[in-house]
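# Chains, contacts and geometry: an overview
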Amino acid sequence: MVIATLKDIAELANVSTATVSRVLNEDETLSVGDETRQKIWQIAESLDYKKSRPETSQP
């Protein structure tokens with residue numbers, strides 16, 4: 001199984017990886033149109049994109 005990346009989504013949506021990251025993280029300061037935002041979410045869902053969880057440090 002191939003894991004979808006931000007780069008994959010960005011290429012399909014024709015936007016930068018930074019834009020994809022900010023949309024998927026629901027950055028309210030990002031100025032992007034609703035059409036682009038919806039396109040990114042649709043592509044992410046179609047690729048079954050899953051956010052990676054940050055590593056947690058052990059005590």
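Residues numbered from 1 in each chain as written. Predicted model: local features only at pLDDT ≥ 70, side-chain atom pairs only at ≥ 80, totals over all residues. Heavy atoms only, no water.

Turning our eyes to something else, we now look at the overall build of the protein. Summing up its helical and strand segments, the protein has three helices and zero strands in all. Ordering the α and β elements of the protein from the N terminus gives α-α-α. Here the protein holds 59 residues, and 20% of them are scored as buried. Within the protein, counting contacts between residues at least 6 apart in sequence, those at least 24 apart form 42% of the total. Summing over all exposed atoms, the protein offers an accessible surface of approximately 4900 Å²; the carbon and sulfur share of this is 48%. (Helix = DSSP H or I, 4+ residues; strand = E, 2+ residues; numbered from the N terminus. Buried < 20%, exposed > 50% of the residue type's maximum accessible area, 1.4 Å probe, protein only. Contact = heavy atoms within 4.5 Å. Areas by Shrake-Rupley, 256 points an atom, 1.4 Å probe, with all protein chains shown as cover.)

Turning our attention to the packing of helix α1 (residues 6-13) against helix α3 (residues 34-46). Helix-helix packing: each pair is described by the crossing angle between the helix axes and the interaxial distance. Running from N to C, α1 and α3 point in directions that differ by 130°, and their axes come no closer than 10 Å. It follows from the interaxial angle that α1 and α3 lie oblique. Once α1 is placed against α3, the crossing between them reads as right-handed. Note on element contacts: α3 touches α1 through Lys39, Ile40, Ile43 and Ala44, opposite Ile9, Leu12 and Ala13. (Axes fitted to C-alpha atoms, helices over the stretch in contact; angles between N-to-C directions. Parallel < 35°, antiparallel > 145°, perpendicular 65-115°, else oblique. Left-handed = near helix turned anticlockwise from the far one by under 90°.)

Right, let's get into the environment of Ile3. Structurally, Ile3 can be placed in the segment before α1. Along the backbone, Ile3 and Lys50 are 47 residues apart, and their C-alpha atoms lie at a distance of 8.2 Å.

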